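Observations on chain architecture
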Amino acid sequence: MPLRVDLQPHRFYDFKTEIEKEGFQEIQKREKYTDYQRLALISPNESKGKKRGFKFTANYLTVKIWTSVLRDEDKFADKGFGWELISLGDPALYFSRPFRRTDNFFENLYMTALILKTKIQNRPICPHCKKFLDIVKGPYLYSRYWKCPNTKHAVYRLGWDHGLPDWAKNYLKSKRKARKKVQKKYAQKQLEKGKEVTPAIVRHKKWTIGNKDNIITVESGPH
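All values derive from a computational prediction rather than experimental measurement.

What follows concerns the nonpolar core. Phe-24, Ile-65, Ile-86 and Phe-106 are the most contacted members of the largest nonpolar core, which totals 30 residues. Here this core gets six residues from one element, more than from any other, and that element is helix H3 (residues 105-121). Setting aside chain neighbours within four positions, we find Ile-86 in contact with Leu-61, Thr-62, Val-63, Pro-91, Ala-92, Leu-93, Tyr-94, Leu-116, Ile-120, Ile-135 and Trp-160. Core analysis: the second largest hydrophobic core is formed by five residues, Leu-164, Ala-168, Tyr-171 and Leu-172 among them.

Next comes the structure, spelled out in structure tokens:
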């Protein structure tokens, strides 16, 4: 696996400047506090609620970036990864793979954020009923695809990379190829040690929602 490095605070502020140029807004402390109160959220560990994040909304979907940088201390949390997700209301419909804090940490966060932004900006619609397509889980842990919410058109679906420009497809192709090579090597080493490989998203401790009645859910967004 790539080596974790100590990233300097100025790298975060360079990232913040560039991601805000792309229309992302930093998630404010008050907004997070309101969500804590509304949903009675309980973090799996103390530092989770203090991390700085950004969001971008289009076509009723929201991309969120969690940087692993602590809000009031200009440093990273002792443990954890960077994460990106797409949500509709409160529920997350898609999680990225975790971002290890390597030398390319912020570059990887930035590029993935641009791709997810492009996805929701170009959220496809069904050619039959003109409804927005939903994000649906695929056969694998991280796989997703687009599907019509109308049961009459349920067979209409599109691949997760549908509509992405060439620069995004080329970036994803390169990253997926490199990741597959690293994962294969790591899995072999773990096998030699008699250990199983557990994906980070499975190991990741979940938040506790104490007030589930206040969860904001939307079937597929207004049409």
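This paragraph deals with the side chain of Ser-87. Take Ser-87: it is sitting in strand E5 (residues 83-87). Owing to a relative accessible area of 3%, Ser-87 belongs among the buried residues under this scheme. With sequence-adjacent residues up to four places away left out, Ser-87 is seen in contact with Tyr-60, Leu-61, Thr-62, Lys-64, Ala-92 and Leu-93.

Here helix H1 (residues 9-21) contains 13 residues, and its C-alpha end-to-end distance of 19 Å stays within 8% of the 18 Å for a straight helix at 1.5 Å per residue. When we look at burial in H1, the residues that qualify are Arg-11, Phe-12, Phe-15, Lys-16 and Ile-19. For H1, the buried positions fall inside an angular range of 140° around the axis, keeping them on one side. As for H1, its buried residues are in contact with strand E1 (25-26), strand E3 (51-58), strand E4 (61-70) and H3. Backbone geometry just downstream of H1 places Gly-23 in the positive-phi region, at approximately 95°.

What counts as what
- Residues numbered from 1 in each chain as written.
- Predicted model: local features only at pLDDT ≥ 70, side-chain atom pairs only at ≥ 80, totals over all residues.
- Heavy atoms only, no water.
- Core = buried A, V, L, I, M, F, W, Y, C linked by side-chain atoms within 4.5 Å.
- Buried < 20%, exposed > 50% of the residue type's maximum accessible area, 1.4 Å probe, protein only.
- Helix = DSSP H or I, 4+ residues; strand = E, 2+ residues; numbered from the N terminus.
- Contact = heavy atoms within 4.5 Å.
- Expected span 1.5 Å × (residues − 1).
- Arc of directions from axis to C-beta.

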